[in-house]
Every structure is written in structure tokens, then in C-alpha cells.
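Coordinate analysis (summary)
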Amino acid sequence: MLLFNIFSLIIIFISFSLSIVGYGYHFKKYLTNENNFEIGESGIFGFVFLYLVAVTIHFFFSLNQVATITILIIGIFLSIKIHTKIKEYFNKNLFIYLLIISLSLILAATNNLHDDVYLYQLPYIKYLQSEKIIFGLSSLNDFAAYSHGLYDIMSLFKVPIFKNQTIFLIPVIFVMFFLFILNDNLKVNKNYLKVFTYIILFLFLFKFTRSKQFGTDVPVICLLFLIQIYILNYIKSENKNYFFKYLIIFIFAVFLKIYAIFSIFYFLFFLIKFKENILIFFKNRNLIFFICFICLITFSKNVIHTGCLMYPVTSTCLEKENANWSIGKKAIELRKVSLEAETKG
């Protein structure tokens, strides 16, 4: 039985990873017109794409077993189409890449679930898997009011027999892709980037090894580090694609955790450095469409769930007179005060 579980873990972990990479490579190419393959960056972009898929489908259908298996198979098919690129990538440094995968598998097998898993994580994920979107969901469960972008993605990875046990592999796979990015940065001939990469690795080893303590904050922290990597690369190369990638990752990070909004200050840097060529952004119609679409579906989801564009920001919320499913600005303000009191202790 133990051998069966270990074998199943490896197969499912690799299948999930390949599916995400398959989506990510083609999605990144669509947004930036880059044809180069890096498994870490393709994986992160795969998460962005699957967020779009999960939220869009849920407006009309539940994220049931048929939908999730179909999405998984299509992603694996897309990765098979680029199997030559994947093979060439691993041949560059097979030992290190296998080491990263092995460490990730060990983490997946030994990772403890967050204390809140039964309070709101699993209830929200099971809601996504059993029902299409519900107006006023926050009236039933206040924790469901917040934008749980990673849980939307995790809900796509329920498989037969193991059911929702496999969805908790997703945060580990996310971190694995980020480790691939860090390793690739160590191979480039840029000392400033190598130093910064070693600092990130140091922080991971001594600060974020307890994934249970940080929960779903770890992927967002990875994205914030990735934004800084893009900035460092842009300083030296002034490649416009680093600006495009910053915008994509910034928006995605905000929709995972609202505190990522503070990374908008990096936009000022790009604005100053990129101002002479800022019109290039408006020529990238695919990127503009992506930004408009991800904002539209996310804000629509939030309004349907809570009556707010961003809960619990009172100024973005509708009164019950205007939207009868909203819990009202007064209740939201009380919740906001409660959260501030909890934060201050």
C-alpha cells in the first residue's frame, strides 16, 4: 500500500506539473511573443492561465470532475507538443533539475496542512467543485468573501480515488517552479542577479521552510521576488518583455493576495525608464486584452460573492438597496474594524 501511494504521488505530481507547463508555455508565448522555453517561468504562467480558466468556468458551471479531468488532459497534451523543448531543457543540467523535483516530492509527501484548512480552505474549494457561482456567498461564510485566487486554481486538481487530497500538491508545485527560476538565474553571467538569487534562497531556507505557518502566502512571496528579478533584468537589458511580464505577475499576485498591491510602486520605475517606449505597451493587444479580461472576471466574481469589487474595502461595496445580495457597507465596515483589531492584537 505504501509503495502504491508513493508511486501514485509521483505520477500525479508529474502529471499536474506537465499540464501546468503545457498551458503556461503557450500562454506566455501568446502574451509576450517569446519562444524560449524555461520550465519555471512556463509553470508560473500556467498558474495565471488556469486562474482565468477556473474563474471563467465557475460563472456557468461547477468545477466538477469532468471539467477538471478534461483540463488536466488538455494541458498534458499541450506539454507533449513541446516535449522536445522540455527534453532539451532538462539535458542542460539534469542532476540539479532532478534534485529540485525530488526535494519538491519530499515536501509534498511530508507537508502539514494549514490550521485553517477545514475552516475555510476546503469548504470554499468544495463549493467551487459542487456549485456554480452563488450570489451573496459571503452571507453564508464570511471567509469566502475574500479573493482566494490560489484556491480557485487548486479546485481544478481533484482526481478520482484520491479526491481532494491531491489539491494540496499545487502550492508545492508552484514553489518548485519558482526554484527552477532561481536555479536558471544562477547560471546567467550576471553577478548582481546571482547575489540577489542567493539572498532569496537564504530566506527560503531560514524563513519559509515552515510552509504550514505561511500557508498560501508563500506563492505570493515567490511572485513578489519574481517581480524584483524582472526589474533587475530590465535594468541591464531594457527588454520590453520584462515590463510585460511584470504587469502580468503583478496583477496575478494582487488577485491572490491583496497586499501584493504595494508592488505597484515598481511600476513607477518602469514608467520612468520605459517612458520613451511606453506606446509599445498599447501595441500589445493580447496583453491589453488579458489585463481587461482578468480584471473583469475577478471583479465580477467579487461583486457576485460580496457586493464589493474588493472585500472588505468599504468604498468599493454596494449597499443592500442597490444589490440585495450584498451584506451592506455597515456590516463590512464592522468586519474591517474587527480585522484591524485582530492584526494589532
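In this text, all values refer to a predicted model and were calculated from it rather than measured experimentally. (Residues numbered from 1 in each chain as written. Predicted model: local features only at pLDDT ≥ 70, side-chain atom pairs only at ≥ 80, totals over all residues. Heavy atoms only, no water.)

1. Some points on the overall build of the chain
What counts, and what does not: By definition, any uninterrupted DSSP run of H or I lasting at least four residues is a helix, any uninterrupted run of E lasting at least two residues is a strand, and each is numbered from the N terminus. Burial here depends on accessible area, computed with a 1.4 Å probe over protein chains only, as a share of the maximum for the residue type. Under 20% is buried, over 50% is exposed, and the range in between is partly exposed. The contact criterion used throughout is that any non-hydrogen atoms of two residues lie within 4.5 Å. Residue-level accessible areas treat just the shown protein chains as cover; the underlying method is Shrake-Rupley with a 1.4 Å probe.
Scanning the chain from N- to C-terminus turns up 16 helices and zero strands. Burial analysis of the chain (345 residues in total) assigns 50% to the buried set. Contacts in the chain between residues far apart in sequence, at least 24 positions, make up 70% of those at least 6 positions apart. Of the roughly 17,200 Å² that the chain leaves accessible, carbon and sulfur atoms contribute 66%.

2. Structural notes on helix H15 (residues 285-306)
Which entries qualify depends on this criterion: Multiplying 1.5 Å by the residue count of a helix minus one yields the expected span of that helix.
For H15, built from 22 residues, the straight-helix expectation of 32 Å at 1.5 Å per residue is met to within 8% by its first-to-last C-alpha distance of 31 Å. Taken together, the buried positions of H15 are occupied by Leu287, Phe290, Ile291, Ile294, Ile297, Thr298, Lys301, Asn302, Val303, Ile304, His305 and Thr306. In the segment just after H15, glycine 307 is the residue with positive phi, at about 85°.

3. As for the packing of aromatic side chains
The test is simple: Note on aromatic pairs: the rings of Phe, Tyr and Trp (six-membered ring only in Trp) are paired at centre separations within 6.5 Å, and the planes decide the class, stacked below 30 degrees, edge-to-face beyond 60, tilted for the rest.
A complete count under the given rule lists 26 aromatic pairs for this structure. Here the aromatic rings of phenylalanine 27 and phenylalanine 49 are separated by 5.3 Å at their centres, their planes lie at 55°, and the arrangement is tilted. Taken together, the residues phenylalanine 27 in helix H1 (residues 2-32) and phenylalanine 49 in helix H2 (residues 39-58) connect sequence positions 22 residues apart. The exposure class assigned to phenylalanine 27 is buried, which follows from its relative accessible area of 9%. An aromatic cluster is present here, built from Tyr25, Phe37, Tyr89, Phe90, Tyr97 and Phe180 joined pairwise through their rings.

4. Observations regarding the pattern of salt bridges
To be explicit about the condition: The term salt bridge refers to a side-chain nitrogen of Lys or Arg lying within 4 Å of a carboxyl oxygen of Asp or Glu.
Scanning all chains against the criterion turns up five salt bridges. With a closest N to O distance of 2.9 Å, glutamate 41 and lysine 28 form a salt bridge. In this pair, glutamate 41 is assigned in helix H2 and lysine 28 in helix H1, connecting sequence segments 13 residues apart. For the residue pair glutamate 41 and lysine 28, the accessibility class agrees, reading buried in each case. One salt bridge connects lysine 245 with glutamate 41, and the closest N-O pair in it is separated by 3.1 Å.

5. A few points about the nonpolar core
Where a protein is soluble and globular, its nonpolar side chains tend to be buried together. The test is simple: Put simply, buried Ala, Val, Leu, Ile, Met, Phe, Trp, Tyr and Cys residues joined by side-chain atoms within 4.5 Å make one nonpolar core.
Counting 105 residues, the largest nonpolar core has Ile173 and Phe290 as the members making the most contacts within it. Sort the elements by how many residues they give to this core and helix H12 (residues 240-256) lands first, with 14 residues. Sequence-distant contacts of isoleucine 173, defined by excluding residues within four places in its chain, comprise Phe13, Phe16, Ser17, Ile20 and Phe47. Residues Tyr146, Cys308, Tyr311 and Ile332 belong to the second largest nonpolar core, which totals five residues.

6. Some words on the confidence of the model for the chain
Note the threshold: Each residue gets a pLDDT score, which is the predictor's confidence in that residue and runs from 0 to 100.
On average, residues of the chain score 84 in pLDDT, and 88% of them reach the 70 mark or higher. The secondary structure element of the chain with the lowest average pLDDT is helix H10 (residues 211-214), at 48, and the one with the highest is H2, at 96.

7. Topic: helix H11 (residues 217-237)
The terminal C-alpha atoms of H11 lie 30 Å apart, and with 21 residues this matches the ideal 30 Å at 1.5 Å per residue to within 8%. A positive phi of about 55° marks glutamate 238, the residue just after H11.

8. Quick word on unusual backbone geometry
Located in the positive-phi region is asparagine 33, a residue other than glycine, with phi close to 65°. Even without being glycine, isoleucine 161 reaches a positive phi, approximately 75°. Checked against the element boundaries, isoleucine 161 lands in the loop between helix H7 (149-154) and helix H8 (170-187).

9. Some thoughts on the state of the cysteines
Note the following rule: Criterion for a disulfide: a pair of cysteine sulfur atoms within 2.5 Å.
Under the criterion given, the structure shown has one disulfide. Between the sulfur atoms of cysteine 308 and its disulfide mate cysteine 317 the distance is 1.9 Å. Judged by the sign of its S-S torsion, about 105°, the cystine formed by cysteine 308 and cysteine 317 is right-handed. By relative accessible area, which is 5% here, cysteine 317 ends up buried. Unpaired in terms of disulfides, cysteine 295 finds its nearest cysteine sulfur in cysteine 292, a separation of 7.2 Å.

10. Digging into the packing of H2 against H8
Here is the rule we go by: Note on definitions: angles span 0 to 180 degrees between N-to-C directions of axes, and those axes are lines fitted to C-alpha atoms, for helices only across the stretch in contact. Should the near helix be turned counterclockwise from the far one by less than a right angle, the crossing is left-handed, whereas a clockwise turn marks it as right-handed. Ten residues, namely Ala, Val, Leu, Ile, Met, Phe, Trp, Tyr, Cys and Pro, are considered nonpolar, four, namely Asp, Glu, Lys and Arg, are considered charged, and the remaining ones, Gly among them, are considered polar.
Contact geometry of H2 with H8 gives a least axis separation of 7 Å together with a crossing angle of 145°. In terms of crossing hand, the pair formed by H2 and H8 is left-handed. Contact with H2, carried on its side by Ile39, Gly40, Glu41, Gly43, Ile44 and Phe47, involves Ile170, Ile173, Phe174, Phe177, Phe180 and Ile181 of H8 and no other residues of that element. Of the residues assigned to the contact of H2 with H8, the class counts are nine nonpolar, two polar and one charged.

11. A closer look at a nonpolar patch on the surface
The test is simple: Two distance rules govern patches: like charges are joined within 9 Å, and nonpolar side chains (Val, Leu, Ile, Met, Phe, Trp, Tyr) within 5 Å, applied only to residues with over 30% relative accessible area and no salt bridge.
Taken together, the side chains of Ile258, Tyr259, Ile261, Phe262, Ile264, Phe265, Leu268 and Leu271 define a hydrophobic patch exposed on the protein surface, amounting to about 760 Å² of accessible area. With respect to the helices and strands, the residue leucine 271 is situated in helix H13 (residues 265-274). Given a relative accessible area of 36%, leucine 271 falls into the partly exposed group.

12. Details of the packing of H8 against H11
To keep things clear, this is the line we draw: Every angle not falling under 35 degrees, over 145, or within 65 to 115 is termed oblique; those three ranges are roughly parallel, roughly antiparallel and roughly perpendicular.
Where H8 contacts H11, the axes come no closer than 10 Å and their chain directions differ by 25°. One way to sum up the angle between H8 and H11 is to call them roughly parallel. Here H8 runs over H11; the crossing is left-handed. Residue-level inspection shows Phe174, Val175, Phe178, Ile181, Leu182 and Asn185 of H8 in contact with H11, the latter providing Val218, Pro219, Cys222, Leu223, Phe225, Leu226 and Ile229.

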